[in-house]
Amino acid sequence: MPYSYATHLECSATGERHEVAVLQGLSRAGKPLLVRYDLAALRRNVARADIEARPLNLWRWRELLPVPDAAHEVSLGEVETPLIELRNSERPAGFAPPTVKDEGRLPTGSFKARGLALAVSMASVFGVRRVAIPTNGNAGAAMAAYAARAGMEAFCFCPDDTPEINLSEIALQGARVWRVNGLINDCARLVGLGKERFGWFDMSTLKEPYRIEGKKTMGLELAAQSRWQLPDVVFYPTGGGTGLIGMWKAWSELAALGWIEGPLPRLVAVQSTGCAPIVRAFEAGAESATPWQNAHTIASGIRVPAAIGDFLILRALRETRGFALAVEDAAIERARTEVAGKDGLLLSPEGAATYAAYLAAARDGRIRPSDRVILFNCASGLKYPMPPVTARMDLARPFADG
Ligand SMILES: Cc1ncc(COP(=O)(O)O)c(C=O)c1O
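Residues numbered from 1 in each chain as written. Predicted model: local features only at pLDDT ≥ 70, side-chain atom pairs only at ≥ 80, totals over all residues. Heavy atoms only, no water.

Chemist: So, the overall build of the protein: which residues are in play, and what are the values?
Modeler: Within the protein one finds 12 helices and 13 strands. For a compact globule of 402 residues, the expected C-alpha radius of gyration is about 21 Å, and the protein comes in at 21 Å, within 12% of that figure. Counting only C-alpha atoms, the protein reaches 70 × 50 × 45 Å along its principal axes. Relative to its 402 residues, the protein shows a buried fraction of 57%. Look at the contacts in the protein between residues 6 or more apart in sequence, and 71% of them connect residues 24 or more apart. For the protein, the separation between the mean place of its 46 positive charges and that of its 43 negative charges on side chains is 1 Å. (Helix = DSSP H or I, 4+ residues; strand = E, 2+ residues; numbered from the N terminus. Rg over C-alpha atoms; globule rule 2.2 N^0.38 Å. Buried < 20%, exposed > 50% of the residue type's maximum accessible area, 1.4 Å probe, protein only. Contact = heavy atoms within 4.5 Å. Lys, Arg positive; Asp, Glu negative; His and termini not counted. Charge placed at Lys NZ, Arg CZ, Asp CG, Glu CD.)

What follows is the structure, encoded as structure tokens:
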């Protein structure tokens, strides 16, 4: 029985086939490549129940991942992330509580572990020694961790205002890291400039085909956790969009396997009003997005002015009858405070953006009271700045201020 059922890679724009047994970057047309599997053979040989009988981790999906053998799986303990209902946080009257899929429990505290575990594993299959990445923080931290584990050298380029903790965790995990006086797309240019000269493999999102396969496991996992009855609506904080495209791909594969039935969940791309290229393109009916000028938001992970997979994100939204929605930073902060205080769940600003978007969509009728809703919190809230605490108590005068 094959370990992986990957057969080839396909250009997402032209459909041209590329070899699976070769380290790949972009397609010959300069577009993202997607890994394809022999789903007919997999359907004959493997049952849903076989997967369910395995330990609850990312590697239980190995037939639907490209890593060719167990020896090349670079792992730091990629657990299945929990689903947590927001029972106490505010919601419009009559609405069922939304559920958070909390990706903050993964190694390095974010969902980037899924993609980078796969990308570093595949890099190790092909003998890569040096990897480089433009990163808003979490992806760099995950790459640094997995590269350290695999004995590779790692180089990370971060926008100036990347959260301090991300820079420190990247450095402590053995990578070289620089602050760059620009945004993520400027950092990507630096990786492009240096890759020939320094012999780096470019780990930029969707510029190599393996990270999306790791992110795909969010969709696979959600299917298994929902007993193969997918929810109605999924709100996803969208930067490069790898997770959103990955889940859409996951569900298409599961549908082809006959493991799920019925319409796919409506996908909702959540962005900030300070950087909303996908929302603008969606509303204009465009097939791709134009770069956003002067991008700014406290949700650094979704501050992506131009996404190479924009046309795939837009296609996924339209094909699932979903939509795109931008929320203000002030609403993100209010949402974070609400969910932390009422439900005890410390969301990342990006995760809080999905809750703010859920409230907005519930109020304007874009989702229905009976909809089963999933909100993605893609990183632990502990990785981001929090309001300072100023209260003090003097032991010599306890409770003196009442
Ligand atoms: C916490 C968090 N949420 C969401 C995103 C956006 O993810 P994607 O690139 O899959 O759109 C990122 C990316 O950096 C992130 O760190």
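Chemist: Summarise the environment of Gln-293; cite the residues concerned and give the values.
Modeler: With respect to the helices, strands and loops of the structure, Gln-293 is situated in the loop between α9 (277-284) and α10 (310-319). Residues Gln-293 and Gly-104 lie 189 residues apart in sequence; the distance between their C-alpha atoms is 30 Å.

Chemist: Would you mind going over the pattern of salt bridges in detail, with residue names and values included?
Modeler: Applying the stated criterion across every chain yields a total of 25 salt bridges. Two residues, Arg-363 and Glu-90, come together in a salt bridge whose shortest N-O distance is 2.8 Å. Here the residue Arg-363 occupies a position in helix α12 (residues 349-363), and Glu-90 occupies one in the loop between β4 (83-85) and β5 (99-102), the gap between them amounting to 273 residues. Put simply, Lys-101, Glu-103, Arg-114 and Glu-221 are held in one network by salt bridges that share partners. (Salt bridge = Lys/Arg side-chain N within 4 Å of Asp/Glu carboxyl O.)

Chemist: Any details on the sheet that holds strand β1 (residues 6-11)? Residues and values, ideally.
Modeler: What the 3 strands build is an open sheet, ordered β2-β1-β3; its pairing is antiparallel. This sheet does not close on itself; its edge strands, each paired only once, are β2 (17-18) and β3 (33-37). Across 2 bridges, the pairing between β1 and β2 is antiparallel. If you follow Glu-10 over to β2, its bridge partner there is Arg-17. (Pairing = 2+ DSSP bridges.)

Chemist: Quick one: what's the story with unusual backbone geometry, residue by residue and with numbers?
Modeler: A positive phi is found at Trp-228, a non-glycine position, where the angle reads about 65°. With respect to the helices and strands, Trp-228 occurs in the loop between α7 (211-225) and β10 (233-237). Under the relative-accessibility criterion, Trp-228 is labelled buried at 6%. Phi is positive for Phe-399, which is not a glycine, with a value near 55°. By the secondary structure assignment, Phe-399 is in the segment after β13 (373-377). The exposed category is assigned to Phe-399, whose relative accessible area is 63%.

Chemist: Which residues make up the packing of aromatic side chains, and what values do they have?
Modeler: A full pass over the atoms with the stated rule returns 11 aromatic pairs. Each ring, one from Phe-157 and one from Trp-178, has its centre 4.9 Å from the other, and the planes form 15°; the classification is stacked. Here Trp-178 lies in strand β8 (residues 176-180) and Phe-157 lies in strand β7 (residues 153-159), a separation of 21 residues in the sequence. Classification of Trp-178 by relative accessible area gives partly exposed; the value is 31%. Both rings, one in Tyr-355 and one in Tyr-358, keep their centres 6.2 Å apart while their planes meet at 25°; by these two values the pair is stacked. Of the two residues, Tyr-355 and Tyr-358 both sit in helix α12, 3 residues apart, roughly one turn of that helix. No difference in accessibility class separates Tyr-355 from Tyr-358, as the two residues are buried. (Phe/Tyr/Trp six-rings, centres within 6.5 Å; stacked < 30°, edge-to-face > 60°.)

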